[in-house]
Amino acid sequence: MTRLSTHDAIIIGAGPAGTSVALTLARRGWTVAIVEKSAFPRRKVCGEYISASNLTLLDQLEIGEAWRANAGPEIRRVGFFSGEACAEAPMPPAKDGPCEKKDGFGRALGRDILDGLLLQAARSAGVEIFQPCRAVAIDRDGEMQMVRIQAGNETTMLRAPVIVAAHGSWEPGPLPSQLGKTNRPSDLLGFKAHFTGSSLAPDLMPLLVFPGGYGGMVSADHGRLSISCCIRRDMLARLRKQPGPNQQSHLSAADAVCRHLMESCRGVRDALESAHADGAWLAAGPIRPGIRSCYERDIFRVGNAAGESHPIIAEGISMALQSGWLLASELACAPDGGAGREAAGRRYEAAWKGLFSTRVYAAAALAGIALRPGSATLMAAIVRNFPQTLTLGAQLSGKTKPVPGFV
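The present account deals with the structure reproduced in this document.

Attention now goes to the packing of helix 1 (residues 16-26) against helix 4 (residues 111-124). If you want to describe how two helices pack, look at the angle between their axes and the distance between the axes. Contact pair helix 1 / helix 4: the axes reach a minimum separation of 9 Å and the direction vectors enclose 20°. Taken together, the axes of helix 1 and helix 4 lie roughly parallel to each other. In this structure, helix 1 meets helix 4 at a crossing whose hand is left-handed. Where helix 1 approaches helix 4, its residues Pro-16, Thr-19 and Leu-23 are matched on the opposing element by Arg-111, Leu-114, Asp-115, Leu-118, Leu-119, Ala-121 and Ala-122. Residue classes in the contact of helix 1 with helix 4 are distributed as 7 nonpolar, 1 polar and 2 charged.

Following this line, the structure appears as structure tokens:
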């Protein structure tokens, strides 16, 4: 027998975007369900840094103190590692908000911890959690939408007038909000690993620029160094053809990426010289940067499903949390009925673009420069002579911009 469950809203995806929506709506009296395909805790391909401008929002979501207790050190300097070049400049502190004096600088927390904190808060707020479950279809039934979810051989039907797509952009699937995959030589594939015993200065977050890609490093929780990067598909294919250890014919993707980083950036070599891997490298992608529709036929999008910046600016979690809060704020005060939801969707889309479009375009411009052949040398020269460009870049990426409603 198929189970039927009715809610005010169904959230597909339990990352920071989805749980931000769920928590905000549940605390305003909505009945909410979250559908998450993965069991927690889980590691994700993610830079894991959260700008200080989000901390008042984390307090509003009631995980602020837990975040502070677990996150890594304050990041007070932004850096640049490329070839032999290593440069740094001050990280601009958050401003114009309540967190300015208490939490002026961002910190990093592993997604294996952050996502669990957010999901537990959602459960405590009364959100019904379906996990691990996969949403396999959405059908309309008058004013309601029907979501069919599966866990093994068991099928459940969820119904609600509001569906929120918070599943990211990397995985294809049958839902209208999911993107298909096509393989192109220029695709950027994401990689991520944790290390312990790194010598990277704990308050420094450097940008890594290397042939065919870019990345970043940051000191996260419990002494872990988080290193993440994107690399072009065609560059990765060439790197994998190099002889590997014991003369095997091809390197694994993870070994190829790690070797490339070490050979291309002296700062990475120095930081990892005495470090040890904490778990395997993770891979995902291709990434799909750009601005997408935030609302279509009562399906609302948050996080990367709504729009995605190049991760070169390390603002993915910030955009996820803030987009979820923006949407929930509009939905919570919208009149009942399709017209009210549509108006809320249009207001949300305008608010999303107003808050995020500048950083999406700035990230695209910076990534385009970093990926251009030979540009690393020019970038290194500029940063070496004008290190304040690193501080300016952090400001343009949105790291000091307060979340609307918390000023």
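This next bit is on the pairing of strand 10 (residues 144-151). Across 7 bridges, the pairing between strand 9 (residues 134-141) and strand 10 is antiparallel. The residue of strand 10 that forms the bridge with Ala-135 is Ile-149. The antiparallel hairpin formed by strand 9 and strand 10 contains 2 residues in its connecting segment, where Gly-142 sits at a positive phi of about 65°. The pairing of strand 10 with strand 11 (residues 154-160) spans 7 bridges and is antiparallel.

Turning our eyes to something else, we now look at helix 8 (residues 316-332). Between its first and last C-alpha atoms helix 8 spans 24 Å; for 17 residues at 1.5 Å apiece the expected length is 24 Å, and the two agree. Along helix 8, 15 of the 17 residues are buried, which leaves the element largely enclosed by surrounding structure.

Another point: the sheet that holds strand 12 (residues 162-165). Strands sit in the order 8-3-2-12-21-20 across an open sheet of 6 strands; the sheet is mixed. Single-partner strands in this sheet number two, and they are strand 8 (128-130) and strand 20 (295-296). As paired elements, strand 20 and strand 21 (residues 299-301) share 2 bridges and run antiparallel to each other. Along strand 21, the bridge assignment pairs Tyr-295 with Phe-300.

This part is about the state of the cysteines. A complete count under the given rule lists 0 disulfides for this structure. Looking at Cys-229, it has no disulfide partner, and the nearest cysteine sulfur is the one in Cys-230, 6.9 Å off. Note on Cys-230: relative accessible area 5%, which makes it buried.

Time to look at helix 5 (residues 233-240). Of all the positions in helix 5, only Met-235, Leu-236 and Leu-239 are classed as buried. In an axial view of helix 5, the angular spread of the buried residues amounts to 100°, which keeps them on one side of the axis. Where the residues of helix 5 are buried, they touch strand 13 (188-196), strand 16 (224-232) and helix 6 (253-264).

Time to look at the sheet that holds strand 1 (residues 3-6). Spatially, 1-11-10-9 is the arrangement adopted by the 4 strands of the open sheet, whose pairing is mixed. Looking at the sheet topology across the chains shown, the edges are occupied by strand 1 and strand 9. Each adjacent strand pair in this sheet contributes to an overall mean axis angle of 25°, direction not counted.

With that settled, the discussion passes to the environment of Phe-81. With respect to the secondary-structure elements, Phe-81 resides in strand 5 (residues 77-82). What makes Phe-81 buried here is its relative accessible area of 7%. Each C-alpha atom of the pair Phe-81 and Gly-405 lies 36 Å from the other, and the pair is 324 residues apart in sequence. If we skip the residues at most four places from it in the chain, Phe-81 touches Cys-86, Leu-200, Leu-204, Pro-206, Leu-207, Leu-208, Val-209, Met-217, Cys-265, Gly-267 and Val-268.

What counts and what doesn't
- Residues numbered from 1 in each chain as written.
- Predicted model: local features only at pLDDT ≥ 70, side-chain atom pairs only at ≥ 80, totals over all residues.
- Heavy atoms only, no water.
- Axes fitted to C-alpha atoms, helices over the stretch in contact; angles between N-to-C directions.
- Helix = DSSP H or I, 4+ residues; strand = E, 2+ residues; numbered from the N terminus.
- Parallel < 35°, antiparallel > 145°, perpendicular 65-115°, else oblique.
- Left-handed = near helix turned anticlockwise from the far one by under 90°.
- Contact = heavy atoms within 4.5 Å.
- Nonpolar A, V, L, I, M, F, W, Y, C, P; charged D, E, K, R; others polar.
- Pairing = 2+ DSSP bridges.
- Expected span 1.5 Å × (residues − 1).
- Buried < 20%, exposed > 50% of the residue type's maximum accessible area, 1.4 Å probe, protein only.
- Disulfide = S-S within 2.5 Å.
- Arc of directions from axis to C-beta.

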